[in-house]
Amino acid sequence: MRLAVLLVLLALSACASRMPAPEVQVNNPWQANAESLARSGVDAMEREKWGFARVMFERSLQAATLAGDEKLMALGHYNLGRAQTAGGDAAAARQSYRQAIRQADSAGDAVNARRAALALAMLEDGDAQASEAQLDVPVAFPIDIHLAAARLAVLRGRENAARQSYARVLGMAGKDRNGLLYAARAHLGMAELEYAADSQGGNAAAWAHLNTSLGLLRRAGQPRLMLQAVKLAAKLESEPVRRQMWQQRARALENILQQSPAR
Amino acid sequence: MTTEHFVAGMRRQVGWFVMIGLGTIVALLLVATLRTELFARKFTLFVAPPSATSFFVGQEVKFQGFTIGRVDDIELQASGEVRIALRLLDRYRGMLHQGSAVRLVKPALLGQDIVEVTAGDVQTAVLNDGVLLPYREQATLEQLLMDMKPAVANADTLLGELVQLARWLNDPSGDVRLATANIRTVTEGADQGAIQQAITRVSEAAAQLEKLFRQLADNKAGEFLASSLEQTALVLKNLEPLTGELSRQAPETISRSKELVSRLEELSGALNSIAVDMQQLSPELPGLAQESHDAILELRRLATALRQTWLAGGKGESGKGPREDGEGTGTELVAPPGGGGQ
């Protein structure tokens, strides 16, 4: 009996010793630095400070390289490409996107590979066939990739694919400011699609999407998108007096944005 | 005969003297022209910046840090456009491709600007003679300072709120001191030791920050930042007396304290952005800026830890995951859509 108890105890202690030790959480300071710099770059992009964003993304990429984080490196190349595109340096942006694709492919990072491929396809209008393959985005991919796919689909005249991607964006948008802005972009995109399908004016579906987008933009605040929405409203409006009001508002927004940065 | 011999000798000597002098001058000219690449083959590129300020004739043009030519001519055209001619050595032409651009680079906080040419897209053809290159604006110190203003303003607003909260919590005649009943019961579940330790460490980080900001002010670099952020250390110092109060708080006070810690975390986030900007701003103080950045990162980490050990328990730093403000979208590290035609 004692032997049996001893054996049970031994077995239990053996099981206990096989339990894995709790994993100690270790933070890579370079990774944290890369993420912090990337956030600053994203913030600068929001403020339309393309040069500053470029510097931040370059530093972030350096930190990601020092951290040895291949996914963060791929994202760094992509972010740098976005800042270069926004700053008007298309040649450098192409190089960055290509580098992001190579980096993501070598790391098996399908998300960043697709992100960069879509951005590259948007830049290279001539290569329509290559970009067709990019439109079918897996559902699990992040929201920004679905939005990029929707825009590319609009450029390629693939209306159904664009609607499907915009619908996914709306389904994925969170309730934070970022989420509201993505939803506003998707509604605005849908409104533009409806307007293109029936440009006779008085398009109820286009107005519904546009009003939702304007409401979201009033909550989240994004003057550049607001300008785009107001311009569409001026096109959609059939009543002359109201159309003139929309046009005046668009001009006022444009003037303010030309004089000073968005934020 | 003797006189004739003497004159002939003199003539020979003068001849030699003139020959050697001329030879030396020719040799010097040859060396100078070789060194200045006077007769090397060159080609010309043009650039049209919005203003000719910071450009001058003879200014060095660099590529990857090497001098490849000079500014040859600056003219204001009839259309009001500035046109600058860059005379570059032909042997470097193979390195400059389509998509190449010109920008002004400041080598240090002080010193003349350098004109720099970028390589462009290496997969495309090399540049032809006489091509007009695009001009790229480089983020200058002034621009960077302007860029930092929103972040500094944000930090200032948060600091104002923190001052009010800290005063309210430390008021000896306020609710904190008066409401002592049932306090132990309310705070029983809290990890008091961890909270006190965290606040002590926050205070230490604040003291370090205070020192760094003073150093920044002494160095006259980012002076307005130093004065603006000096408050931070003072406010954070005010948190220290709270350590003793935590075990004697009423429920309302606890909720205000939670708010304070939450704002503290937000503030440290804003300061973090400023610290990152400061790294770019102060090339002559890289060590100091890095130290400041590290101190702020540490502050942020501590504030998060403090929230985690707080009475009701807070969420930890989510890192790559969705944001904490409700249902997040989770793209905080990805450049937003829009801008530049996309």
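Worth saying up front: this structure is predicted, and the values here are computed from it rather than measured. (Residues numbered from 1 in each chain as written. Chains lettered and ligands numbered in written order. Predicted model: local features only at pLDDT ≥ 70, side-chain atom pairs only at ≥ 80, totals over all residues. Heavy atoms only, no water.)

Caption draft 1: Structural context of the nonpolar core. Residue and element names in this part refer to chain A. Judged by nonpolar contacts, the single largest core of 48 residues is most densely connected at Tyr166, Leu210, Leu217 and Trp246. Counting residues per element, the ones that place at least two in this core are α6 (110–123), α8 (143–155), α9 (159–172), α10 (177–197), α11 (204–220), α12 (223–236) and α13 (240–259). Of the residues forming this core, the biggest block, ten residues, is contributed by α10. (Core = buried A, V, L, I, M, F, W, Y, C linked by side-chain atoms within 4.5 Å. Buried < 20%, exposed > 50% of the residue type's maximum accessible area, 1.4 Å probe, protein only. Helix = DSSP H or I, 4+ residues; strand = E, 2+ residues; numbered from the N terminus.)

Caption draft 2: Region of the structure containing the confidence of the model for chain B. Residue and element names in this part refer to chain B. The pLDDT averaged across chain B works out to 65; a share of 40% of its residues lies at or above 70. Contacts for the low-pLDDT stretch residues 282–286, under 50 throughout, to residues beyond four places or in other chains number seven contacts. Counting interchain partners and residues more than four positions distant, the pLDDT-below-50 stretch residues 306–327 has 52 contacts. Across the predicted assembly, pTM comes out at 0.49 and ipTM at 0.71. (pLDDT = per-residue confidence, 0-100. Contact = heavy atoms within 4.5 Å.)

Caption draft 3: Spatial organisation of α12 of chain A. Residues and elements named next belong to chain A. Relative to the 20 Å expected for 14 residues at 1.5 Å per residue, α12 spans 20 Å between its end C-alpha atoms, a close match to the ideal helical length. Among all positions of α12, only Leu225, Met226, Leu227, Ala229, Val230, Leu232, Ala233, Ala234 and Leu236 are buried. The secondary structure elements touched by the buried residues of α12 are α10, α11 and α13. (Expected span 1.5 Å × (residues − 1).)

Caption draft 4: Focus on the confidence of the model for chain A. Residues and elements named next belong to chain A. With 84% of its residues at a pLDDT of 70 or more, chain A has an overall mean of 82. Across chain A, the secondary-structure element scoring lowest on mean pLDDT is helix α1 (residues 2–18), at 45, and the one scoring highest is helix α4 (residues 70–86), at 93. Predicted confidence is poor over residues 5–19, with pLDDT under 50, and the contacts of this stretch with residues over four places away or in other chains come to zero contacts.

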